[in-house]
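# Structure at a glance
Below are the chains, spelled out letter by letter.
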Amino acid sequence: MTNPNPRLRFAPSPTGFLHVGNARAALFNWLEARRAGGEMLLRVEDTDRERSSSELVDNILTSLRWLGLDWDGDIVFQADHLDAHREAALHLLDTGRAYWCDCTSEAVQARAKARGGPPGYDGFCRDRGLPRSDDTALRFRAPDDGTTAFTDLIRGEVSFENKTIEDFVLLRSSGLPVFLLSNAIDDATMGITHVVRGEDHVPGTPKYLLLRDALKLGRPDVFAHLPMLVNEARQKLSKRRDAVSVADFEAQGYLPEAMVNYLALLGWGPKDGVEVRPLGEIVELFRLQDVTSSPAFFDVKKLQAFNADHLRALPAAEFVRRAHPFLTRGQAAVTTLEPLASLVQERVRLLTEVEPMIAFLLDDPVVIDDESWQKAMVKGKAAPEMLAAVTHRLDTLDGWSADAIRAAVEGAAVEAGLVNAEGAAQLSKAQGPVRVATTGRIVGPPLFEALEALGRERTLTRLREAAARL
Ligand code: GLU
């Protein structure tokens, strides 16, 4: 933290879509860089494939941009620097810190099994003096004694006994550098001062440090390994089991500001306890040293609640603009939504819920949801009486305003015996049959405004049709 010009980086491996765990790592790097007035760099760790597939890289960039996380300077592609990584590895060979090995992984495993010890490489080729061939990999000669330790800003002192570190591979037999070598060298070349990444990288850190030391590349000032993300069963989040792709959350109608707000709380929290807030405030408050080491629960329900809060906070016109891409019925839906926007935005958690909420104004006849019908009409009390009373009162109503409609529905509820003198709570139940008959669903915008928008003719037609069906 002493460095006045911190340089941080997000270093994704392009293996699919941007995962929420990686997005959280990107965000914490970004927050620390922006708060401290440092630099935020982006490096694509594509060593495994020699050349990155541009589609996979685009997936990551698209999600970073969507989240509003920018970076400084050009993107560094690790695969562009493989020659330098190879050269460094061969330098380790020249200085006796590495050697060629021709053991197959089957042979390594068989020997580990035979000796009954921990799995891993046993240094078999250390002193064989093998030359380079098509079948040899270059291995690092790890020290046999001593420890490799570092201070982690989040975890404190972390120390590994060198005898537990195997002679790991630097160059595969194909000549391709392994991720660890490229990762350690690139951080040095890019002048990275703060290595902030997921805790799954803790076990690789002593190797990273041994390499940096052996290559005389110095060490970063700060390591901060972020806590693992877990699901409701306290299992590590997994791509196969859990919803984890940022792009999927975008497609489900989450707002980027809700997503970054929620991600910021996975391992960190503001001291004043105010969780829902704009990113600009989080940048001011964020401190990397306040991140905790315990696993963080990625709670999709809480994320949804955050999204609802951020949706409600939008100006109505902005809400319509954000909903636009989710309105499959184009301009007709936009025009229908506009006058009702401030009511709809109070009641949706996701942008994908907007169109279903106004579909009753777009569809004729209204599409009635079966479950809602069962609940309000079949199981609900006095539905036929309520429909009859409401139809009569609305048919003879003076004017067609939400207030007048409210008075008519309240009067009908009393007439149908559904509401007594003190029964405000019962009124919402009494509205059920009217709501389902006219909007097709139990959930929707406030009923009286909905009916005002629907108009007298369509309202009465739907009430009569529902009564007939009952
Ligand atoms: N490429 C690594 C990953 O995606 C990150 C390595 C690092 O941040 O040092 O998990």
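Here, every reference points to the structure presented above.
Heads up: these notes are all about the structure in this document. (Residues numbered from 1 in each chain as written. Predicted model: local features only at pLDDT ≥ 70, side-chain atom pairs only at ≥ 80, totals over all residues. Heavy atoms only, no water.)

### Things to note about the packing of aromatic side chains
Counting across every chain of the model gives 9 aromatic pairs. Taken together, a centroid distance of 5.4 Å and an interplanar angle of 80 degrees make the contact between Tyr 262 and Phe 306 edge-to-face. With Tyr 262 in helix α8 (residues 256–264) and Phe 306 in helix α10 (residues 300–313), this residue pair connects regions lying 44 residues apart in the sequence. On the accessibility criterion, Tyr 262 (3% relative accessible area) is buried. Aromatic side chains Trp 268 and Phe 286 sit 5.4 Å apart centroid to centroid with 50 degrees between the ring planes, which places their arrangement in the tilted category. You can see Trp 268 sitting in the loop between α8 and α9 (279–285) and its partner Phe 286 sitting in the loop between α9 and β12 (296–297), a full 18 residues away along the chain. By relative accessible area, which is 5% here, Trp 268 ends up buried. One aromatic cluster in this structure is built from Phe 249, Tyr 254, Tyr 262, Phe 298 and Phe 306. (Phe/Tyr/Trp six-rings, centres within 6.5 Å; stacked < 30°, edge-to-face > 60°. Helix = DSSP H or I, 4+ residues; strand = E, 2+ residues; numbered from the N terminus. Buried < 20%, exposed > 50% of the residue type's maximum accessible area, 1.4 Å probe, protein only.)

### Considering the sheet that holds strand β4 (residues 98–101)
If you trace the 3 strands from one edge of the open sheet to the other, you get β4-β5-β8, paired in antiparallel fashion. Both outer strands of the open sheet, β4 and β8 (169–171), are each paired with one neighbouring strand and no more. Looking at each pair of strands side by side, their axes are set apart by 45 degrees on average, direction ignored. Sheet analysis places β4 next to strand β5 (residues 137–140), joined by 4 bridges and oriented antiparallel. Note that in β5 the partner of Cys 101 across the bridge is Ala 137. Sitting on the sheet, helix α3 (residues 82–94) is in contact with β4, β5 and β8, with an inclination near 100 degrees to β4. (Pairing = 2+ DSSP bridges. Axes fitted to C-alpha atoms, helices over the stretch in contact; angles between N-to-C directions. Contact = heavy atoms within 4.5 Å.)

### Some points on the layout of surface pockets
In this structure, the largest pocket encloses a volume near 830 Å³. Along the walls of the largest pocket sit 36 residues, with His 19, Gly 21, Asn 22, Asp 200 and His 201 positioned nearest its centre. Elements with a minimum of two residues in the lining of the largest pocket: β1 (7–10), α1 (20–36), α5 (179–189) and β9 (194–198). Counting residues per element, the lining of the largest pocket draws most heavily on α1, at 5 residues. (1 Å grid on protein atoms, 1.4 Å probe; cavity = no way out; pocket = protein on both sides within 12 Å on 5 of 7 lines; lining within 4 Å. Points joined across faces, edges and corners; volume = space filled by probe spheres on them.)

That's the geometry; what it means functionally is another story.
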